[in-house]
Amino acid sequence: MSLNALKKEDAVLLNALSVSLFGNKCKFDAETDWQAVFNESRMQAVCALAFDGLRDFKELPKDIAILWIKYASLQISGSIMVTRNHGRLDTFLNENNIPYCILKGAATAYYYPDPSLRAMGDVDFLVPPELFDEATAKLLADGYETSEDNHPCHKVFKKDKVHLEMHFEPAGMPDGENRKLVEKYFADIFEKSTIGVVDGIKFNNPSELHHALILLLHTYHHLLSEGVGLRHFCDWAVFVNNFTNEEFEEIFKAPLQEIGLWRFAQILSLTANEYIGLPYKEWMGSTEKEVTNGLICDILNGGNFGRKDIERRQQGDMISNRGKDGVSKSGFWQLVKNKNKSAAQNFGLFKKVKILYPFGFVFMGIRYAFMVVFGKRKAVNIKNATEKAQNRRKLYEQFKLFEKGE
């Protein structure tokens, strides 16, 4: 890896987040492409946070300021609506005696200096697997609609403008023996949840350790595939800022070392320290500048859930199975494995007839070629995607995912 210089507009955006989240003092240059900064804040889903960080900057062009206020206001109003949906869900599940716990969403906004500035998406929540069918029946009886999408960890429910994702497990659960270890830590998630309140809305908040695990699993799950943007990066930064050095080590170090996520937590935090002003704590340790620089550039290049680069998902298929078993296999064999799995998930024949499973990647390749020919998919530049995947792999290897003691 080599150091990459950040674009001026990216540095400005990061500084604005530093001001908003941690109260740092930053100077801004009036001779900046403010349209580009605004556009990037939207691609990274941090529009309102960034505008808040520029609140004392008087030289923001008037036309950009008006546009920014408009979109920040839309984001905040949308987030308020989603937060209220958390409250409706809380009332509904409590009335039906179904234990649950919020995943991210309001549980993440809870740790922000101003929760209303955190962009909200869907209402993600976890219920005990043995009550999943009962909860499904209750939601359907209440007028929600769902579709059979065979998602590996959740089911989507919609009614009017309410969008719920009910999980039977958190996103990013690892494979093999690592899964059993993480399941051990999640075994008491419902018993240890507490009542959280954001903007007057009550919800079941996971414990601090459970929330840390949810954030780390979710982050590597998406980062190693399509990517995560600054929104999820900020989620982790504001969370860890709520703990003293001694508190963080006491609560998180031993479990994260046992699972093999401690080094990943350190690198995320060091990157936040360097680029958005998260106060440094001794538990963060140290790492090479190439790693923190590589990570922030990777986040910026992808945008929120990879919206800036349509090839990132294909690159991710050459890197790992979304990090679930670390980063170890060669790019080619990882691609074959992921395409075989995709064929089994989307075309039941490959799952039912086991002899066909090893040839799923061939079918997926032919299917992709036909879709490109008939204009239903954009062709991927294989050489370019392979080079980017190799560079991303070198970065992700530094995380030492699921290496015990790290």
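Residues numbered from 1 in each chain as written. Predicted model: local features only at pLDDT ≥ 70, side-chain atom pairs only at ≥ 80, totals over all residues. Heavy atoms only, no water.

### A short note on the overall build of the protein
Consideration 1: The secondary structure content of the protein amounts to 17 helices and seven strands.
Consideration 2: Here the protein has roughly 18,800 Å² of accessible surface; of this, 53% comes from carbon and sulfur atoms. (Helix = DSSP H or I, 4+ residues; strand = E, 2+ residues; numbered from the N terminus. Areas by Shrake-Rupley, 256 points an atom, 1.4 Å probe, with all protein chains shown as cover.)

### Concerning the confidence of the model for the protein
Low-pLDDT portions of the prediction should not be read for the details of their coordinates.
Consideration 1: Overall, the predicted model of the protein reaches an average pLDDT of 86, with 81% of residues at or above 70.
Consideration 2: Every residue in residues 359-363 is under pLDDT 50, and counting partners more than four places away or in other chains gives 11 contacts. (pLDDT = per-residue confidence, 0-100. Contact = heavy atoms within 4.5 Å.)

### Thoughts on the packing of aromatic side chains
Consideration 1: The tally for this structure, following the rule as stated, stands at 21 aromatic pairs.
Consideration 2: Pairing phenylalanine 51 with tryptophan 68 gives two aromatic rings, centres 5.9 Å apart and planes at 45 degrees, and the pair type is tilted. One end of the pair, phenylalanine 51, is in helix H3 (residues 47-53); the other, tryptophan 68, is in helix H4 (residues 62-95), with 17 residues separating them in the sequence.
Consideration 3: Accessibility expressed as a relative area gives 0% for tryptophan 68, which makes it buried. (Phe/Tyr/Trp six-rings, centres within 6.5 Å; stacked < 30°, edge-to-face > 60°. Buried < 20%, exposed > 50% of the residue type's maximum accessible area, 1.4 Å probe, protein only.)

### A short note on the nonpolar core
Consideration 1: By size, the foremost hydrophobic cluster in this structure holds 84 residues, and its most contacted members are Trp34, Trp68, Leu230, Trp236, Leu261, Ile276 and Phe399.
Consideration 2: Ala107, Val123, Phe132 and Phe203 belong to the second largest nonpolar core, which has 24 residues in total. (Core = buried A, V, L, I, M, F, W, Y, C linked by side-chain atoms within 4.5 Å.)

### Examining the pairing of strand E7 (residues 201-205)
The side chains of a regular strand alternate, residue by residue, between the two faces of the sheet.
Consideration 1: Counting buried residues in E7 gives four out of five residues, a clear majority hidden from the surface.
Consideration 2: Examined bridge by bridge, strand E6 (residues 194-198) and E7 share five bridges and lie antiparallel to one another. Counted as the bridge partner of threonine 194 is asparagine 205 from E7.
Consideration 3: Between the end of E6 and the start of E7, which pair antiparallel, lie two residues, with aspartate 199 showing a positive phi angle near 50 degrees. (Pairing = 2+ DSSP bridges.)

### Focus on the pairing of strand E2 (residues 123-126)
Consideration 1: Of the two faces of E2, the one carrying Val123 and Phe125 and the one carrying Asp124 and Leu126 are both buried.
Consideration 2: Examined bridge by bridge, strand E1 (residues 101-102) and E2 share two bridges and lie antiparallel to one another. Counterpart to isoleucine 102 in the pairing with E2 is phenylalanine 125.
Consideration 3: Bridge count for E2 against strand E5 (residues 162-167) is four bridges, and the pairing is parallel.

### Here's the deal with a negative patch on the surface
Consideration 1: Taken together, the side chains of Glu208, Glu246, Glu247, Glu249, Glu250 and Glu282 make up a negatively charged region of the molecular surface.
Consideration 2: With four residues, the top contributor of residues to the negative patch is helix H10 (residues 245-259).
Consideration 3: Structurally, glutamate 247 can be placed in helix H10. (Patch = residues over 30% accessible without salt bridge, like charges linked within 9 Å, V, L, I, M, F, W, Y side chains within 5 Å. Salt bridge = Lys/Arg side-chain N within 4 Å of Asp/Glu carboxyl O. Lys, Arg positive; Asp, Glu negative; His and termini not counted. Charge placed at Lys NZ, Arg CZ, Asp CG, Glu CD.)

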